[in-house]
Amino acid sequence: MGLVLVATAIVFNILSGGLFLSPENLYNIAQQTAVVGIVATVVVLVIVARHIDLSVGSVMGFVGVLIATLMYSAGWHWIEASLAGLAVAIAVSLYQGALTAMLGVPSFVVTLGGLMSFRGAAFLVADGKTQPVNDAFFQRLGGGYDGAIGVQASWVLAAVLVAALCVMTWLRRRAKANYDVPNPPLWLDVLVAAVPAVIVVAFVATMNAYQIANKEAPQGVPIPVLIWGAVALVLSFIVHRTRFGRYVFAMGGNPEAAALVGIPVRRVTLMLFALMGVLITIAAMVSIARLNAGTNSLGTGMELYVIAAAVIGGTALAGGSGSILGSVLGALIMQSIDSGLLLLDISIGLRYVIIGQVLIAAVVFDVVYRRLTGDTQ
C-alpha cells in the first residue's frame, strides 16, 4: 500500500503539472484526511471483530451539531459541550453495540438503521439550522489559518519521533540479545528505522514549506494531523500491548473458539462500540472546528470513506486481520485520489464512480490474494 500511495502521487503530480506534490496541496491533503483517518483507525478493529458500522457518518453529524448547538445557542464552553457530545456518542454506540452483542442482531442491520435515524436526529437537534462555532481556541483544532504548531515546534516534534525510532530499534536488539535470539545485521535494523525517520523529516519539511498568504511564518504541522497521529499511536498500543486488543483479533479469527476459551465476547464487543463513540466524538470536534460550524450534512458519506480506507489498508472484511498503519495508508490513498481528481477538474459524479470502483478493486484484490495464499478465513 505504501508503494501504491507513492505511485498515485507520482501519476497525479505528472498529470497535474507538478501541482499535486506542491506544499500547499500536500498540506491540504494532510488536513482533509485527518477526520477520515481518525474514524478509520477504530473501524479497522470493528471489521476485524467481524462487525460493521454504517452509521459513523450520521452519528458524527448528530454529535457535531449537538456540540455546536450547545456552544452557540446554549452558551456552553467548548469543553463542556464536547464532554456532553462524548457522553451522547458513547450512549449511542453502547445502544447499537448492545443490540449486537446481547440480542445477536447483526451489526449491519443495527447500524443501517442508525445511518438513517441519527441523520434525522442531527436535523432535530438544531431544527435544521447551521450552528456557527466562534471559539478561537476550538477553531484551531480543525487546522486553518492558526491551526498549526509552527516551524520550530514541528522540527522539535520530528526530532522526538526520530529519537524514539532509534531508541525502539536499540531496545528491540537488546531484548533479542538478552533472550539469545539472533539479531539481524545492524545495517538492516538501521535501514528499517531510517525509512520512517526519512518520511517523518520529509513530511515536516513539506509542512514547514507551506505559508498562507498574508501570514508572517510558515504553518508547520497541522493540529488535526497531530490528533490523528496521537489516535493512531494509542490504538496501535491497544492492539499490540493490551488484552482488549488481543481479544478483538481472537474474536475475529474464530468467535466460537474465543468464547470457548473464556474471552468475554459480549463485553469486548460493547467496549469496542464504546471506543467507536470516543473516536467519533474526536472526529466530530475536528470537523466542526475545521468548518467553523455544525451542519446537518456533517459526515455525509463518511461510512464509505472509512470502510474504504480500512479495506484498502489491508483489513479483511471476513474479520481476523487488519492494522492501524494500514488504515493510515488507506485513508491517505483515498484522499490522494480524491484530491488528484479534483486537481484534474474531474466532475464530482465521475469522482464518486472512480472512488467506488477503487473500493471494489481493493476487495477483489483481498479475495484473490487470500485464495492464492490458501487463507480462506
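Conventions and cut-offs
- Residues numbered from 1 in each chain as written.
- Predicted model: local features only at pLDDT ≥ 70, side-chain atom pairs only at ≥ 80, totals over all residues.
- Heavy atoms only, no water.
- Helix = DSSP H or I, 4+ residues; strand = E, 2+ residues; numbered from the N terminus.
- Rg over C-alpha atoms; globule rule 2.2 N^0.38 Å.
- Buried < 20%, exposed > 50% of the residue type's maximum accessible area, 1.4 Å probe, protein only.
- Core = buried A, V, L, I, M, F, W, Y, C linked by side-chain atoms within 4.5 Å.
- Contact = heavy atoms within 4.5 Å.
- 1 Å grid on protein atoms, 1.4 Å probe; cavity = no way out; pocket = protein on both sides within 12 Å on 5 of 7 lines; lining within 4 Å.
- Points joined across faces, edges and corners; volume = space filled by probe spheres on them.
- Nonpolar A, V, L, I, M, F, W, Y, C, P; charged D, E, K, R; others polar.
- Salt bridge = Lys/Arg side-chain N within 4 Å of Asp/Glu carboxyl O.

A.B. asks: Honestly, the overall build of the protein in this entry has me stumped. Any pointers?
C.D. replies: The helix and strand inventory of the protein stands at 15 helices and two strands. Whereas a compact globule of 377 residues would reach a radius of gyration of roughly 21 Å, the protein reaches 21 Å, a difference of no more than 12%. Dimensions of the protein along its principal axes, counting C-alpha atoms only, are 65 × 60 × 40 Å. Burial status across the protein gives 46% buried among its 377 residues.

A.B. asks: What is the right way to look at the nonpolar core in this model?
C.D. replies: As a rule of thumb, soluble globular proteins bury nonpolar side chains together. One finds V43, V56, M60, F138 and V306 to be the most contacted residues of the largest nonpolar core, which totals 85 residues. By residue number, the principal contributor to this core is helix α2 (residues 23–48), which donates 14 residues. Not counting residues up to four positions away in its chain, the partners in contact with V43 are V56, M276, V306, I307 and A310. Counting residues in hydrophobic clusters, the runner-up holds 11 residues, among them Y27, A158, Y210 and V221.

A.B. asks: Explain the layout of surface pockets here, please?
C.D. replies: The rolling of a water-molecule-sized probe over the atoms marks out the regions of remaining empty space. The computed volume of the largest pocket comes to approximately 2400 Å³. For the largest pocket, the lining is made up of 49 residues, of which P196, I199, V200, L325 and V328 are closest to its centre. Mapped by element, the contributors of at least two residues to the lining of the largest pocket are α1 (2–15), α2, α7 (151–178), α8 (186–209), α9 (223–241) and α14 (324–343). When residues of the lining of the largest pocket are assigned to their parent elements, the largest contribution, 12 residues, is made by α8. Considering only residue class, the lining of the largest pocket consists of 39 nonpolar, eight polar and two charged. Within this model, the second largest pocket holds a volume of roughly 700 Å³. As for the second largest pocket, its lining consists of 23 residues, of which Q32, V36, T300, M302 and Y305 are closest to the centre. Elements represented by at least two residues in the lining of the second largest pocket include exactly α2, α12 (265–291), α13 (302–312), α14 and α15 (348–373). Counted by class, the lining of the second largest pocket contains 11 nonpolar, nine polar and three charged residues.

A.B. asks: Teacher, can you tell me more about the pattern of salt bridges here?
C.D. replies: Working definition: two side chains of opposite charge can pair if their charged atoms are close together. Counting across every chain of the model gives two salt bridges. Notably, a salt bridge pairs R173 with D189, separated by 2.7 Å at the nearest N-O pair. Of the two residues, R173 sits in helix α7 while D189 sits in helix α8, which places them 16 residues apart along the sequence. Using a relative accessible area of 8% as the deciding quantity, one classes D189 as buried.

A.B. asks: Honestly, the environment of G128 in this entry has me stumped. Any pointers?
C.D. replies: By the secondary structure assignment, G128 is in the loop between α5 (107–125) and β1 (131–132). For the pair G128 and Q96, spaced 32 residues apart in sequence, the C-alpha separation works out to 25 Å. When neighbours within four sequence positions are excluded, G128 is seen to be in contact with F123 and N296.

A.B. asks: What is the right way to look at unusual backbone geometry in this model?
C.D. replies: Excluding glycine, residues mostly carry a negative phi; peptide bonds, for their part, are mostly trans. One non-glycine residue, D127, lies in the positive phi region at around 60 degrees. Topologically, D127 is positioned in the loop between α5 and β1. One non-glycine residue with positive phi stands out, namely D180, at about 60 degrees. By the secondary structure assignment, D180 is in the loop between α7 and α8.

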